[in-house]
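This is what each chain is made of:
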Amino acid sequence: MLTLTKDRALALVLLLIVAVMWVESGNIRPATSWQPYGSALFPRILLVVTGLLSLLVLFRSLLAGAPERTLPRRSFGEWLAHNRKVFSLFALFGLYAALLPMVGYIIATLAFLVTSLGLLLGIDSRRKWIINLAVSFTLVPLVFVIFRYGLNVWLP
C-alpha cells in the first residue's frame, strides 16, 4: 500500500499547480506583430520544466518506498537555526526586489545570484566559486537576451 510521503504530496501539488497555470496561460495575450513569440512562451517553458521535475520527484518517491524515519522535536530556536538559509533567501529576495528598479536587471540579478548561490553552495572552495560565477555570469545575460531580443520585452 502506498503512503503519502512529503515528496509525493509535493509532487502531486506541484503537478496540479502546473496544470492549472498551463490552462490559465492560454489567457495571456497572443503575439503581436512586433513579437516573434507570444508572451506565454517563457511561462510555459518554466511550467514544462517544473512539471518534468515534479514527475521526476514523484517517480523517485514511488521507486524508493516510504522512508522509516522520525525527526526529533526541536525548540523554536533550534528550528530557526536549522532553517536560517531559507530565511536568508527570503531576505535576499526582498533586497533584490527593492534594488531591481534602482540599479537595473543585470546588476541586481548578478548580485542576487552570486549571493544566493554562495549561500546555498557555500564558498569554501575555489571550485564552488567557479561554479557560482559561471552560472551567474551565464544565466543573467542569457535571460536578458531571451527577453530583450527573443520576446521583445524590456527588463528594468
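Residues numbered from 1 in each chain as written. Predicted model: local features only at pLDDT ≥ 70, side-chain atom pairs only at ≥ 80, totals over all residues. Heavy atoms only, no water.

Enquirer: How should I be thinking about helix H4 (residues 84–103) in this particular structure?
Expert: Given 3.6 residues per turn, any residue in an α-helix points the same way as the ones three and four places further on. The end-to-end C-alpha distance of H4 is 27 Å, a good match for the 28 Å that 20 residues give at a rise of 1.5 Å each. Where the residues of H4 are buried, they touch helix H5 (105–121). Immediately downstream of H4, the backbone of Gly104 shows phi near 95°, a positive value. (Helix = DSSP H or I, 4+ residues; strand = E, 2+ residues; numbered from the N terminus. Expected span 1.5 Å × (residues − 1). Contact = heavy atoms within 4.5 Å.)

Enquirer: Explanation requested: the packing of H4 against H5 in the structure shown.
Expert: At their nearest, the axes of H4 and H5 sit 8 Å apart, and the two run at 170° to each other. Judged by the inter-axis angle, H4 sits roughly antiparallel to H5. Residue-level inspection shows Lys85, Ser88, Leu89, Leu92, Phe93, Tyr96, Leu99, Leu100 and Val103 of H4 in contact with H5, the latter providing Tyr105, Ile107, Ala108, Thr109, Phe112, Thr115, Ser116, Leu119 and Leu120. Tallied by class, residues from the contact of H4 with H5 come to 13 nonpolar, four polar and one charged. (Axes fitted to C-alpha atoms, helices over the stretch in contact; angles between N-to-C directions. Parallel < 35°, antiparallel > 145°, perpendicular 65-115°, else oblique. Nonpolar A, V, L, I, M, F, W, Y, C, P; charged D, E, K, R; others polar.)

Enquirer: How should the packing of aromatic side chains be read in this particular structure?
Expert: In this description, a pair of aromatic rings is defined by centroid distance and the angle of the planes. Counted by the stated rule, this structure contains five aromatic pairs. Taking the centre distance of 6.3 Å and the plane angle of 20° together, the rings of Tyr105 and Phe144 count as stacked. Taken together, the positions of Tyr105 in helix H5 and Phe144 in helix H6 (residues 126–150) put the pair 39 residues apart, joining distant regions of the chain. Members of the aromatic cluster, connected to one another through ring pairs, are Phe93, Tyr96 and Phe112. It is Arg44 that lies over the ring of Trp22; its NZ or CZ is 4.9 Å from the centre. (Phe/Tyr/Trp six-rings, centres within 6.5 Å; stacked < 30°, edge-to-face > 60°. Lys NZ or Arg CZ within 6 Å of the ring centre and 35° of its normal.)

Enquirer: Looking at this structure, I do not really get the side chain of Thr5. What am I missing?
Expert: Looking at the secondary structure, you find Thr5 in the segment before helix H1 (6–24). The exposure class of Thr5 is buried, given its relative accessible area of 15%. Within the local environment of Thr5, its side chain forms a polar contact with the backbone nitrogen of Arg8, the two atoms lying 3.3 Å apart. (Buried < 20%, exposed > 50% of the residue type's maximum accessible area, 1.4 Å probe, protein only. Polar contact = N/O pair within 3.5 Å; in protein donor to acceptor, adjacent residues only side chain to side chain.)

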